[in-house]
Amino acid sequence: METNMGTMTHAAARLAFSKAIDVVLKDVDKNREEAIVKIVDLMQKYMGDEKLDLDYDNIRKMIRDKDGAFNKYINKVLDEIDPHVLKTAALNLGYEAFFHGTKTIRKMREVHQCNVPWLILMDPTSACNLHCTGCWAAEYGNKLNLTFDEMDNLIKQGKELGIYLYMFTGGEPLVRKADIIKLCEKHNDCAFLAYTNGTLVDEAFCNEMLRVGNLYLAISLEGFEAVNDLRRGDGVYGKVMHAMDLLKENGLIFGTSICYTSKNIETVTSDEFVDLMVDKGCRYAFYFHYMPVGNDAAVDLLPTVEQRTYMRTRVREIRKLTTGKGLFTMDFQNDGEFVGGCIAGGRNYFHINANGDAEPCVFIHYSGANIRTHSLLEILHQPLFMAYRDNQPFNENHLRPCPMLENPEILQRMVKETGAKSTDLQSPESVEHLCGKCEQYAKNWQPRADELWAQTPKVEHSYENYKKRD
């Protein structure tokens, strides 16, 4: 293609990507690897001189390596995912969010001199059809909701800044499944993902997901049946397995969301568990380090130093693109080196709770702005978010990324200096109490983290979108 992709209009570039994807889907029984390589060529032309942490030549090599995990992963996706869903994901998540969005967001950061995120996480509701032991989301009660118009307006504002990826949590977001589908339909150029317990997934909802094509799920699991149902309730594990079967049968994109603790860390990373997820059709797994949020949080669930060290190694083994398991795994606490440390405070994401409060992180329940009284840009300029921007990275060692868990003195200082208030309407927790629970953990982890970081090759990433310091 001779066209200068770097200067094409947004609509023309999307059309070019759409046609290239059509070629791949049309020729799935022919030389699909070479068709996919052509899309990589198109990506490289479109991004031009834009700095990305992508080795295009190595990507082409892995696509062509028929014995490699990446090649097998791609071919499995092409064989099992519905063509409409696959094309919509490539256009909305790939072209709009990653390529066009990245270009636009970087410009907007310069224009507005604040963090502009790549995605926004919001809670449509605090209601849930389950009441899991220790769930901090449930502490908000079950009567808080964002209206459809509030979520719609936020997405409209977000797209003007280049934000094309939106995630839902709660509560249980699928309590609001009709409004979520309506948002997917209206904003058919965006990608949406819902963190869900999976129990409300049925055939009718799968049909709606197929129709819109731009909604993906991350289903929560704690481990196998006995452990999972002990926390979530009898029969929930079976319902989750059934939901995964329905989603796979309908060719939909989904994965799993796993909170790892001192009690379940070995189970949820075991070969048996990972193989089950792959067989069920999961494409990704979000691993979340347990955070002691809430006045009644159990500190003994924090992983030990040895467990966290194991987790760092194990997640990388599972996702390795040459010899991995065929499940793309992410662990934000241990993958800090790939995203430049903490991504919260609007740097790459922030959270809006069901009361409309804009929080820097889903685990940091403090705020100075609300979507009902502030525009998106005003939220991104709120003092707490600007303090995040001014202080990121919170640690040059990206294995100690969080201002709460590994650097608790920093979150305390930022909350005090900015006057941010607790957003927990049920049982407000002081920042001193929250961070006090992390002090010993941070002290224990520091020596091992520093040892591991000293062994890690240092690479400057394009993700390191920090405020330029004098």
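As the structure is a prediction and not an experimental result, all values here were calculated from the model.

Describing the domain arrangement of the protein chain
Domain annotation of the protein chain identifies domain 1 (12-98) and domain 2 (114-456). Using only C-alpha atoms to locate each centre, domain 1 and domain 2 end up separated by 27 Å. Facing the 21 residues of domain 1 at the interface are 27 residues of domain 2. Between domain 1 and domain 2, a total of about 2000 Å² is buried, with carbon and sulfur atoms accounting for 60% of that surface. There are one salt bridge connecting domain 1 and domain 2. Notably, a salt bridge pairs Glu80 with Arg283, separated by 2.7 Å at the nearest N-O pair. Counting across the interface, domain 1 meets domain 2 through 11 residue pairs in polar contact (both at pLDDT 80 or more).

Some remarks on helix α1 (residues 10-26)
Helix length check: α1, at 17 residues, gives a terminal C-alpha distance of 24 Å against a target of 24 Å (1.5 Å per residue), a fit within 8%. Restricting attention to buried positions, one finds in α1 the residues Ala13, Ala16, Phe17, Ser18, Ala20, Ile21 and Val24. Looking at the buried positions of α1, the neighbouring elements they touch are α2 (32-47), α4 (69-80) and α5 (83-112).

Description of the side chain of Glu172
Following the sequence through the fold, Glu172 ends up in the loop between β2 (165-168) and α7 (177-186). Judged by its relative accessible area of 2%, Glu172 is buried. When near neighbours in sequence (up to four residues on either side) are disregarded, Glu172 contacts Thr125, Ala127, Cys128, Asn129, Thr196, Asn197 and Leu200.

Overview of the pairing of strand β1 (residues 119-122)
Burial along β1 is two-sided: Leu119 and Leu121 facing one way and Ile120 and Met122 facing the other are all buried. As paired elements, β1 and β2 share four bridges and run parallel to each other. For Ile120, the partnering residue across the bridge sits in β2 and is Tyr166. One ladder, built from four bridges, connects β1 with strand β8 (residues 349-352); its direction is parallel. When the bridges of β8 are listed, Leu121 appears paired with His351.

Some words on the side chain of Asn407
One can find Asn407 in the loop between α15 (383-391) and α16 (408-418). A distance of 2.9 Å separates a polar side-chain atom of Asn407 from the backbone oxygen of Arg400. With residues near it in sequence (within four places) discarded, Asn407 still touches Phe394, Asn395, Arg400, Pro401 and Cys402.

Re the packing of α7 against helix α8 (residues 203-212)
Close contact between α7 and α8 brings their axes to 10 Å; oriented N to C, the two are set at 15°. On the basis of the axis angle, α7 is roughly parallel to α8. Between α7 and α8 the crossing geometry is left-handed. Across from Lys177, Ile181, Cys184 and Glu185 in α7, the residues of α8 making contact are Phe205, Glu208, Met209, Arg211 and Val212. Here the contact of α7 with α8 is composed, by residue class, of five nonpolar, no polar and four charged.

Section: the pattern of salt bridges
Tallying each qualifying case throughout the model produces 30 salt bridges. Across the salt bridge formed by Glu50 and Arg106, the nearest N and O atoms sit 3.2 Å from each other. On the criterion of sequence distance, the pair formed by Glu50 in the loop between α2 and α3 (56-64) and Arg106 in helix α5 is long-range, its members being 56 residues apart. For Glu50, a relative accessible area of 26% gives the class partly exposed.

Some remarks on α5
An α-helix turns once every 3.6 residues. As a result, residues three or four positions apart point the same way. If you look at α5, its biggest bend is around 50°, right at Gly101. Measuring from the backbone nitrogen of His84 back to the side-chain oxygen at the start of α5 gives 3.0 Å, which picks out Asp82 as the cap. Gln113 sits one or two residues past α5 and shows a positive phi near 50°.

Quick word on the environment of Ile258
Examined against the element boundaries, Ile258 turns out to sit in strand β5 (residues 254-260). Here the alpha-carbon distance between Ile258 and Val236, two residues 22 residues apart in the chain, equals 15 Å. Ignoring any residue separated from it by four or fewer positions in sequence, one finds Ile258 in contact with Leu221, Val268, Phe273, Phe286, Tyr287 and Phe288.

Focus: the sheet that holds strand β4 (residues 215-220)
Strand pairing in a sheet relies on backbone hydrogen bonds, with the paired strands running either antiparallel or parallel. One open sheet holds the nine strands; their spatial order is β7-β6-β5-β4-β3-β2-β1-β8-β9, and the pairing between them is mixed. On the outer flanks of this sheet lie β7 (328-331) and β9 (358-359), each paired with one strand and no other. Pairing analysis gives four bridges linking β4 to β5, with the strands arranged parallel. Bridge pairing in β5 places Ala218 opposite Gly255. Helix-sheet contacts for helix α6 (residues 148-160) involve β1, β2, β3 (191-196) and β8, and the interaxial angle to β2 is about 150°. Against the sheet, helix α10 (residues 236-249) makes contact with β4 and β5, and its axis sits at roughly 155° relative to β4, the strand it touches most.

Conventions and cut-offs
- Residues numbered from 1 in each chain as written.
- Predicted model: local features only at pLDDT ≥ 70, side-chain atom pairs only at ≥ 80, totals over all residues.
- Heavy atoms only, no water.
- Domains from an automatic or database assignment.
- Contact = heavy atoms within 4.5 Å.
- Buried area = accessible area lost by both parts, 1.4 Å probe.
- Salt bridge = Lys/Arg side-chain N within 4 Å of Asp/Glu carboxyl O.
- Polar contact = N/O pair within 3.5 Å; in protein donor to acceptor, adjacent residues only side chain to side chain.
- Helix = DSSP H or I, 4+ residues; strand = E, 2+ residues; numbered from the N terminus.
- Expected span 1.5 Å × (residues − 1).
- Buried < 20%, exposed > 50% of the residue type's maximum accessible area, 1.4 Å probe, protein only.
- Pairing = 2+ DSSP bridges.
- Axes fitted to C-alpha atoms, helices over the stretch in contact; angles between N-to-C directions.
- Parallel < 35°, antiparallel > 145°, perpendicular 65-115°, else oblique.
- Left-handed = near helix turned anticlockwise from the far one by under 90°.
- Nonpolar A, V, L, I, M, F, W, Y, C, P; charged D, E, K, R; others polar.
- Bend = angle between axes of the 7 residues up to and from the residue.

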